[in-house]
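# Descriptive analysis of the structure
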Amino acid sequence: MVNPDTDSKAEMDQLIWVTSRSHEPEWAEGGSYQVLRLCRARSWPAGRRRG
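This text gives an overview of the structure that appears in the document.

Moving on, we get to the overall build of the protein chain. Helix and strand content of the protein chain: one helix and zero strands. Considering the protein chain as a whole, with its 51 residues, one finds that 10% of them fall into the buried category. Accessible surface, the protein chain as shown: approximately 5,600 Å² in total, 49% of it carbon and sulfur.

Shown next as structure tokens:
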């Protein structure tokens, strides 16, 4: 998926905002969720590759 079109109300309602159709608690309507993914990366000295 690429970045959502922030000018598209329909796309933002589907992907970003909690709406009445989201089946979430009423107090959450109009809000959004934040998802965080942690990635670990290893680096090797220049010129050396593992395996």
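With that out of the way, let us pick up the pattern of salt bridges. Going through the model one piece at a time under the given rule, you end up with one salt bridge. As a salt-bridge pair, K9 and D13 come within 2.7 Å of each other at their nearest N and O atoms. Linking K9 with D13, this pair stays in helix α1 (residues 9-15), spanning four residues, or about one helical turn. Using a relative accessible area of 21% as the deciding quantity, one classes D13 as partly exposed.

Even without glycine at this site, H23 takes up a positive phi of about 60 degrees. For H23, the location among the structural elements is in the segment after α1.

Here we take up a nonpolar patch on the surface. A surface patch of nonpolar side chains, amounting to about 250 Å² of accessible area, comprises L15, I16 and W17. When you line up the elements, W17 lands in the segment after α1.

Once that is clear, we can look at the side chain of T19. Looking at the secondary structure, you find T19 in the segment after α1. Among the residues examined, T19 registers a relative accessible area of 19% and is labelled buried. In contact with T19, other than residues within four places in its own chain, are D13 and E29.

About the cut-offs
Residues numbered from 1 in each chain as written. Predicted model: local features only at pLDDT ≥ 70, side-chain atom pairs only at ≥ 80, totals over all residues. Heavy atoms only, no water. Helix = DSSP H or I, 4+ residues; strand = E, 2+ residues; numbered from the N terminus. Buried < 20%, exposed > 50% of the residue type's maximum accessible area, 1.4 Å probe, protein only. Areas by Shrake-Rupley, 256 points an atom, 1.4 Å probe, with all protein chains shown as cover. Salt bridge = Lys/Arg side-chain N within 4 Å of Asp/Glu carboxyl O. Patch = residues over 30% accessible without salt bridge, like charges linked within 9 Å, V, L, I, M, F, W, Y side chains within 5 Å. Contact = heavy atoms within 4.5 Å.

Honestly, that's just the spatial picture; any functional story needs more than this.
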